[in-house]
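These are the residues of each chain, in order.
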Amino acid sequence: MSAWVLPDHIADVLPSEARHIEELRRGLLDTACSYGYELVMPPLLEHLESLLTGAGEALDLQTFKLVDQLSGRSMGLRADTTQQAARIDAHLLNRKGVSRLCYCGPVLHTRPDKPHATREPLQFGAEIYGHSGLEADIESVLLALECLAVAKVKSVSVDLADVRIVRSLLQHVPKEDFDLARIQNALAVKDSSELADLTRQLPAASRDGLQTLLRLYGGIDVLDDAERMLGDFPGIKPVLAGLRTIASRLSSAQVTVDLADLRGYAYYSGARFAMYAPGASDALVRGGRYDEVGAAFGRNRPAAGFSLDIKQLVSVVSPRALRAAVRAPWGEGAEVESMISALRRQGETVVCVLPGHESEVDEFLCDRELLHVNGQWTVRPI
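- As named in an unreviewed UniProt entry, the protein chain is ATP phosphoribosyltransferase regulatory subunit, taken from Paracidovorax wautersii.
- What the UniProt record of the protein chain gives under Subcellular location (unreviewed entry) is the line "Cytoplasm".

The structure is reproduced here in structure tokens:
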């Protein structure tokens, strides 16, 4: 095998895309900062028991594992940063009030989590700890929408769901009486016959309620249908009211509801959302409420937030225009060097032409040139 061949689903990022990714990274972090989120930088490598404890158990098969030659302990390369942010909130910050944290860095997956995906996403996320009210859920959704707007993603749709609905339908059923994972899959693919087979031993009310979920997807009026059909189950009406409140704040996006969508069932504890846009084969953003994420670190605080992959984001938005630049000669003396330095301090990009070579660049459009005219150096259009 050639030395330059990379592993499957791992790729170099070349100049044009790299500049776009970096500009987006800065824009997203600045947007989170404008909401009061503080930047944290967790390590790429941690002890396995920290990465895979509690809610992190679901990432076991996605986590690269190795042995630390210093301690002999098993370590892992993070497959997601949320668990680390929860650890920071629980132990290093240990604040009594609300904490808003954001992060951006690479994560590694043992296998792609969707077709054509990279195994090295650049994950951006923002999380709010310490507030159990709907205000935190709404803030997470609004911040996620603003991040997509900063990235110039158009025609965004937001899909809402809440894992507590299924939990209400099954709350009085012994766990050994059903296979939750298979029920989740049947609901996700809207397979009525499979769902009927999996729930035939359940009480009639629970069985019928789960079948009803298969029809509860579409526009916001689905929530009215759900209240009419499932409102007698304890706890469901407040959940539906919460989803209505969240939806009422999303005037800038199309809102849909799919109450049978149980992705992340074991991870989320309440409302969850996914954001889609034309040209994206999967959700660009996923988030919601996950109050149990800090339990493994001894501090079970309310938590809500979202994450996205900036590399995926770049693939669905228009390329950015080339950056304007000034072409200048190389080594013409102190006067021209001083002027080049002044231009760069003003924020200009100045590309010096090395002797005998024209610069080959893909990211800059040299639309002006530094020339010696009538005894002085001046910038003129090309």
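That shown, we press on.
Observations regarding a nonpolar patch on the surface
- Taken together, the side chains of L44, L45 and L66 present a nonpolar region at the surface, about 210 Å² in accessible area.
- Take L44: it is sitting in the loop between β1 (38–39) and β2 (45–47).
- Take L44: its relative accessible area is 34%, and that puts it in the partly exposed class.

Notes on helix α10 (residues 236–248)
- The end-to-end C-alpha distance of α10, which contains 13 residues, comes to 19 Å, matching closely the 18 Å that a straight helix rising 1.5 Å per residue would cover.
- Among the structural elements, α4 (134–150), β7 (157–162), α5 (164–170), α9 (222–230), β9 (254–258) and β10 (271–276) are those in contact with the buried residues of α10.

Description of the domain arrangement of the protein chain
- Its domain assignment divides the protein chain into domain 1 (1–152 + 277–320), domain 2 (157–267) and domain 3 (324–381).
- The gap between the C-alpha centroids of domain 1 and domain 3 is 40 Å.

Comments concerning the sheet that holds strand β4 (residues 74–77)
- Here we have three strands laid out as an open sheet, ordered β2-β4-β3, and antiparallel in their pairing. Of all the strands in the sheet, the pair left with one neighbour each is β2 and β3 (64–67). Averaged over neighbouring strand pairs, the angle between their axes works out to 35° when direction is ignored.
- Both β3 and β4 contribute to a ladder of four bridges, which runs antiparallel. Across the sheet, V67 pairs through a bridge with S74, a residue of β4.

Section: the sheet that holds β9
- The nine strands are arranged β1-β5-β6-β12-β11-β10-β7-β9-β8 in an open sheet whose pairing can be described as mixed. Two strands bound the open sheet, and with one partner strand each, they are β1 and β8 (217–218).
- Note: strand β6 (residues 122–129) against strand β12 (residues 303–309), seven bridges, orientation antiparallel. Bridging across to β12, G125 finds its partner in S307.
- In the packing of α10 onto the sheet, the strands contacted are β7, β9 and β10, and the crossing angle to β7 comes to about 165°.

Looking at the UniProt feature "binding site: L-histidine" (unreviewed entry) in the protein chain
- With numbering aligned to this structure, UniProt lists the feature "binding site: L-histidine" (unreviewed entry) at D80, T81, T82, Q123, E127, R263, Y267 and Y268.
- With respect to the element layout, D80 can be found in the loop between β4 and α3 (82–93).
- For D80, a relative accessible area of 21% gives the class partly exposed.
- Apart from residues lying up to four places away in sequence, D80 is in contact with L59, V107 and Q123.
- Within the local environment of D80, its side chain forms a polar contact with the backbone nitrogen of T82, the two atoms lying 2.8 Å apart.
- Relative to the helices and strands, R263 resides in the loop between β9 and β10.
- When sequence neighbours within four positions are dropped, the list of residues in contact with R263 reads Y268, R272, Y276, D282 and R286.
- Polar contacts involving the side chain of R263 include one to the side chain of D261, which spans 2.7 Å.

Examining α9
- When α9 is considered as a whole, its buried residues turn out to be V222, L223, A226 and L230. Viewed along the axis of α9, the buried residues span an arc of 95°, placing them on a single side of the element.

Some remarks on the pairing of β7
- The element β7 is extensively covered by neighbouring structure, given that six of its six residues are classed as buried.
- Going residue by residue along β7, you find S157, D159 and A161 tucked away on one face and V158, L160 and D162 tucked away on the opposite face as well.
- In the sheet, β7 pairs with β9 via four bridges, with the strands oriented parallel. Across the sheet, the residue bridging to L160 is V257, located in β9.
- With six bridges joining them, β7 and β10 adopt antiparallel strand pairing. The residue bridging S157 from the neighbouring strand is Y276, located in β10.

Topic: the pattern of salt bridges
- Overall, the coordinates contain 28 salt bridges when judged by the stated rule.
- R182 is the salt-bridge partner of E194, the closest N and O atoms lying 3.1 Å from each other. In this pair, E194 sits in helix α7 (residues 192–198) while R182 sits in helix α6 (residues 180–188), placing the two residues 12 residues apart along the sequence.
- A residue is classified by how much of its surface remains accessible, and R182, at 42% relative accessible area, is partly exposed.
- Overlapping salt bridges bring together R19, E23, R320 and E363 as one network.

Analysis parameters
Residues numbered from 1 in each chain as written. Predicted model: local features only at pLDDT ≥ 70, side-chain atom pairs only at ≥ 80, totals over all residues. Heavy atoms only, no water. UniProt positions renumbered as here; feature names shortened; annotations may be inferred. Patch = residues over 30% accessible without salt bridge, like charges linked within 9 Å, V, L, I, M, F, W, Y side chains within 5 Å. Areas by Shrake-Rupley, 256 points an atom, 1.4 Å probe, with all protein chains shown as cover. Salt bridge = Lys/Arg side-chain N within 4 Å of Asp/Glu carboxyl O. Helix = DSSP H or I, 4+ residues; strand = E, 2+ residues; numbered from the N terminus. Buried < 20%, exposed > 50% of the residue type's maximum accessible area, 1.4 Å probe, protein only. Expected span 1.5 Å × (residues − 1). Contact = heavy atoms within 4.5 Å. Domains from an automatic or database assignment. Pairing = 2+ DSSP bridges. Axes fitted to C-alpha atoms, helices over the stretch in contact; angles between N-to-C directions. Polar contact = N/O pair within 3.5 Å; in protein donor to acceptor, adjacent residues only side chain to side chain. Arc of directions from axis to C-beta.

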